[in-house]
Number of protein chains: 2
Amino acid sequence: MTADEMKKKYQDWVFKMSAYRMAMGIIGVDKMTVAPTAGAAYRDERTAYLAGELFSLETDPSMPEVLQGLIDDPSTDGDTRRACEKYQEEISHTLCIPKDEYVDFEKFSNESYDAWLQAKQKNDYAIFEPYLTKMIEEKKKQYAYRKKDTDLYDQMLDDFEPGMDQQKYDAFFAKIKEELLPLIQKVKAAKPIDDSFLKETYDIEEQKKFMDELLTYLHFDKSWGYQNETEHPFTDWTCENDCRVTTKYLPNSVTSAILSTVHEVGHAYYEHDVDPKYDGMILSDGISSGMHESQSRLCENYLGRTKDFWAYNFPHLQKHFPSQLGHVSLDAFVDALNVSVPSLVRTEADELTYPIHILIRYEIEKGLFNGTISAEHLDQTWNDMYEKYLGIHAEKVSEGILQDVHWSSGEFGYFPTYALGSAFAAQFVHTMRAQIDVDDLLKNDHYDRVIAWLKENIHHYGCRYDAKDILIKATGEEFNVQYYIDYLKDKYTKLYHLENV
Amino acid sequence: MTADEMKKKYQDWVFKMSAYRMAMGIIGVDKMTVAPTAGAAYRDERTAYLAGELFSLETDPSMPEVLQGLIDDPSTDGDTRRACEKYQEEISHTLCIPKDEYVDFEKFSNESYDAWLQAKQKNDYAIFEPYLTKMIEEKKKQYAYRKKDTDLYDQMLDDFEPGMDQQKYDAFFAKIKEELLPLIQKVKAAKPIDDSFLKETYDIEEQKKFMDELLTYLHFDKSWGYQNETEHPFTDWTCENDCRVTTKYLPNSVTSAILSTVHEVGHAYYEHDVDPKYDGMILSDGISSGMHESQSRLCENYLGRTKDFWAYNFPHLQKHFPSQLGHVSLDAFVDALNVSVPSLVRTEADELTYPIHILIRYEIEKGLFNGTISAEHLDQTWNDMYEKYLGIHAEKVSEGILQDVHWSSGEFGYFPTYALGSAFAAQFVHTMRAQIDVDDLLKNDHYDRVIAWLKENIHHYGCRYDAKDILIKATGEEFNVQYYIDYLKDKYTKLYHLENV
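Bear in mind that the values here come from a model prediction, so they are computed numbers and not experimental data.

Parameters and conventions
Residue indices follow the written sequence of each chain, beginning from 1 at its first position. Whichever chain is written first becomes A and whichever ligand is written first becomes 1, with later ones labelled in order. Only residues with pLDDT of at least 70 get local features here, since the model is predicted, and only at 80 or more are side-chain atom pairs given and counted; chain-wide, interface and lining totals rely on the full set of residues. No hydrogens and no water enter the side-chain calculation; it runs on all heavy atoms of the structure. Here the copies are superposed with least squares, the fitted atoms being C-alpha atoms of residues at a pLDDT of at least 70 in both. Note on contacts: a residue pair qualifies if any of its non-hydrogen atoms lie within 4.5 Å across the two residues. The pairing criterion is simple: DSSP has to find at least two bridges between the two strands. Labels follow the DSSP assignment, with helices taken as runs of H or I lasting at least four residues and strands as runs of E lasting at least two, numbered in each case from the N terminus. For helices, the axis comes from a line fit to the C-alpha atoms of the stretch in contact; other axes are also lines fit to C-alpha atoms, and the angle between any two N-to-C directions lies between 0 and 180 degrees. Multiplying 1.5 Å by the residue count of a helix minus one yields the expected span of that helix. To get the bend at any residue, fit one axis to the seven residues that end at it and another to the seven that begin at it, then take the angle between the two axes. Three exposure classes are used, based on accessible area relative to the maximum for each residue type with a 1.4 Å probe and protein chains only: buried under 20%, partly exposed in between, and exposed over 50%. Each domain's extent was defined by an automatic or database domain assignment. The term buried area refers to how much accessible surface (probe radius 1.4 Å) is lost by two components on association, counted for both of them together. Just to be clear on terms, a salt bridge is a Lys or Arg side-chain nitrogen sitting within 4 Å of an Asp or Glu carboxyl oxygen. Residue polarity follows a fixed list, in which Ala, Val, Leu, Ile, Met, Phe, Trp, Tyr, Cys and Pro are nonpolar, Asp, Glu, Lys and Arg are charged, and the others, Gly among them, are polar. Put simply, a nonpolar core is a bunch of buried Ala, Val, Leu, Ile, Met, Phe, Trp, Tyr and Cys residues held in one set by side-chain atoms that sit within 4.5 Å of each other.

Engineer: So what about the relation of the copies chain B and chain A? Which residues, and what values?
Structural biologist: With an RMSD of 0.0 Å, the fit of chain B onto chain A corresponds to turning through 180 degrees and sliding 0.0 Å along the axis. Interpreted geometrically, this transformation is the action of a two-fold axis. Relative to the rotation axis, the closest C-alpha in chain B is found at B:Ala23, a distance of 3.2 Å. Of all interface residues in chain B, 100% are interface residues in chain A too; the two copies therefore contact each other through one and the same surface.

In structure tokens form, the structure reads like this:
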């Protein structure tokens, strides 16, 4: 095959895969937002078939040679070489799985999601337990096909965050335990901050009206993104100009949908801002889960919980809810928004206790895969760990083990990236604040200019560079967890006046 | 190949096509409801590729032999034989088109839809005109590939309504012109009925709340159907348990979204009620456009505009709009709902002038394909014909030639089925009313039992029998336009007290 023929074959292959991926993406978003539930079995069976078609494309036996040929060809440009390497890596993970098993897994994964949703709605872990048990076995089987010497859970961790393993995460979480658990105790003992006004009744239709204004502030343009509602908020994307964001409105919280939206729009910007020349190819996605979560959590916490973000937005929110917020000062509102109290639901957690939610999930995942924890009675194990670390436990499994969607589709190894991403974000923000006046921009309706910094330093690369290299490019140094610890210590010491404790 | 091998191959083929069709259906609904517009080009290109994959499946060169083999095999059951015959017919229409042209056409069709939408929004026919011109040429080319002796437009008419052609439609519309145009003139001269209260300002959020109640009355179950909003309301479906219905809310009309929803839910019931044993195969759809429109227009007009339908629903509607409707009597409301006044927009038209809107489109389509009418300045031609038949003309092309979506995707030959369907409906209703007490059921919240009659006599067959056979099975006689003429004459003579004219 000539170099031109190889390139043509490669481009065709990439385009075809992008078509199936687009279809799977839209079918998935449809399923999670509006698709009638009674049609799920019919759709799932056919979606699994299409996933099989994509699998066949991915594992086209002639492609490894083409990819290697392009990598070896000195005339291949850097972007294409990098893409070919990423495809090689991806293929190596799927090529080893028999197609029938892959298709069966896709079908099972959809069924497992349906079972999780039903179990959560009926508040009954027993409905989901057999699916979780089977899911763990399925994932073990899938990873065993790779025939690598390394631990299976280490491989899962590496898939979501290349370069990470249990040893590194153990060190990361040890630091979090050592530094943050005592701080959480101090905050617990400090004088509480009143946030009762955030938990009054907030009419959902009125919340939606404010949300429209907030999306405008966030410069989330409806021509390239749309928002819908789901049980579990998520972001999906197909190309530069198509990002789907969902949220969930709670009648007894004014901040839940807001912070969740700022978070998801953070994900959306990462995808939207990737250089459009990568559209449709493997380089067009965010580089890793940790990097993705760093962007969403940066927006949610390091921007969305600041005084200056609300200096602009709070008066608008007050207009929608005069009886609940009319008498509240900006300072009191922002303090309340940052209250730290151990709570059950991860997505609703404050910044300080958040990594402990992740620590618990990480320890459970480790246990599930090294055999020290079983899916049976995992609801009880879950509660025991919440009791141990945060001194609370869930009365309802919908607020305990069933709160998160991830395990229902076999995403083991994802959770730790949420905490890692938060720590990445602290490092990015440290540099960003030295270069631009973030507070001033937020206060003066220039959210887009903050995003522009993220685009220039992080987003536009897509998968062109590894996370560790992007960290160095953007901040001038390797990943350093200390920024995260310092940020949280500083913030909560001030907020709770712990200087004198 | 043995009979069993043929059957297996046939079933695999049917299943695979159903997977692609499901994907195309969901992608299409997504496009028309929520998909970000800026991503359209990226999606359209990939959707066209997937359409090409479906095309390749449909035109699998080994299938004609398999289908013929199964038809010839005496052990093949009647359902399968019928399905094979329908597939043969369908294949013969696609097999003759070169795949590249087919894929290009799919892509062009999506672009043409986007151009139509933009033209309508900007109220500028010139944006859409080149697409319409090209669309006509493309359709001519596609039909020419069939190499049939018959007129191309006759073939298009036959595609949407097997057995129909220009000669038959000419006779049908001649009867409509002869009988209804004079009646329309009489109504115009009669004392007008006050319907001004229907056109006051009706808050859209409040309309949506009533819609929820109406959908409950219609027994439209959210587990198998969902409703969304689009510029042009439509119904889509993938299987027994998945029907998507859309509507459009107008701030100055309380009836537009309501009647449109009753109409679309009529389509949805037809698909939902097809025997589930046909799910995923060609027999699972409605048999023809005329038959489909007969069911939607039966629901909209022969049920949704009756006094007894509103005897139940009007008090609920009044509760949502006390200031606009609190003082209006049921009789006055129903009379207003049936007012006949020549108007510009087909979907908003009353029953009496409705077939004239169709007549105009039919005459234009005929002209476009026999060369007596050109796409150039078609906005003017359109207005001239509205002037001639209804004495009105559109100030804005969005209410003139650009009001309908059909031509943007090349659906020439569809429009006449709306009028034909209305006439089918009159014949069905004549029989139905002789067998069940429709008024009593509607008044007493038993809409589902009326639908049950339609299911038993029409819906459940799917494509198992031709429209003409279903008409005979359900009503005991062949299609007879006189039921339609008599129904409209009787209704409007009474409504406008024309007995003495």
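So, next bit.
Engineer: So what about the sheet that holds strand β2 (residues 235-239) of chain B? Which residues, and what values?
Structural biologist: Residue and element names in this part refer to chain B. Pairing is mixed in the open sheet, where 3 strands are placed in the order β1-β3-β2. The open sheet is flanked by β1 (225-229) and β2, the only strands paired with a single partner. The sheet shows a mean angle of 15 degrees between the axes of neighbouring strands, direction not considered. The pairing of β1 with strand β3 (residues 242-247) spans 5 bridges and is parallel. Counterpart to Tyr226 in the pairing with β3 is Arg244.

Engineer: Give me helix α12 (residues 307-320) of chain A: which residues, what numbers.
Structural biologist: All names here are of chain A. In this model α12 runs 19 Å from its N-terminal to its C-terminal C-alpha over 14 residues, within 8% of the 20 Å that 1.5 Å per residue would give. For α12, the principal kink sits at Asn313 and spans about 45 degrees; a proline, Pro315, occurs within the next four residues. Within α12, burial applies to Asp308, Phe309, Trp310, Asn313, Phe314, Leu317, Gln318 and His320.

Engineer: Please give an account of the domain arrangement of chain A that cites residues and values.
Structural biologist: Residue and element names in this part refer to chain A. The domain boundaries assigned to chain A delineate domain 1 (3-147) and domain 2 (166-338 + 417-489). Using only C-alpha atoms to locate each centre, domain 1 and domain 2 end up separated by 29 Å. Summing the contributions of domain 1 and of domain 2, the shared interface buries around 1600 Å²; its carbon and sulfur component is 62%. Contact with domain 2 buries surface across domain 1, with Val29, Asp79 and Arg82 losing the most and accounting together for 34% of the total. Our count for the contact surface shared by domain 1 and domain 2 stands at 3 salt bridges.

Engineer: How would you summarise the pairing of β2(B) if you had to cite specific residues and measurements?
Structural biologist: Residues and elements named next belong to chain B. Where β2 meets β3, 4 bridges bridge the pair, whose relative direction is antiparallel. Note that in β3 the partner of Trp237 across the bridge is Cys243. In this structure, the hairpin formed by β2 and β3 is closed by a connection of 2 residues.

Engineer: Summarise the pairing of strand β3 (residues 242-247) of chain A; cite the residues concerned and give the values.
Structural biologist: Summarising burial for β3(A): 6 of the 6 residues are buried, a large majority. Along β3(A), one buried face is formed by A:Asp242, A:Arg244 and A:Thr246 and the opposite face, lined by A:Cys243, A:Val245 and A:Thr247, is buried too.

Engineer: Summarise the interface of chain B and chain A; cite the residues concerned and give the values.
Structural biologist: In many analyses, interface size is given as the accessible surface area lost on bringing the parts together. Of the residues lining the interface, 38 residues belong to chain B; the matching set on chain A comes to 38 residues. Interface of chain B and chain A: buried area, both sides summed, is about 3200 Å²; carbon and sulfur atoms make up 69% of it. Linking chain B with chain A are 4 salt bridges. For the side of chain B that touches chain A, the secondary-structure elements that each account for two or more residues are α1 (3-33), α2 (40-58), β1, β2 and β3 of chain B. The greatest single-element share of the side of chain B that touches chain A, amounting to 10 residues, is contributed by α1(B). Among the residues making up the side of chain B that touches chain A, the classes are represented as 18 nonpolar, 9 polar and 11 charged.

Engineer: Can you lay out the nonpolar core for me, pointing to particular residues and giving the numbers?
Structural biologist: The biggest cluster of nonpolar side chains holds 332 residues, and the ones touching the most others in it are A:Tyr10, A:Phe333, A:Tyr447, B:Tyr10 and B:Phe333. Those residues in contact with A:Tyr447 that lie beyond four places of it in its chain are A:Tyr217, A:Leu218, A:Val262, A:Tyr269, A:Cys299, A:Leu303, A:Phe309, A:Leu441 and A:Leu442.

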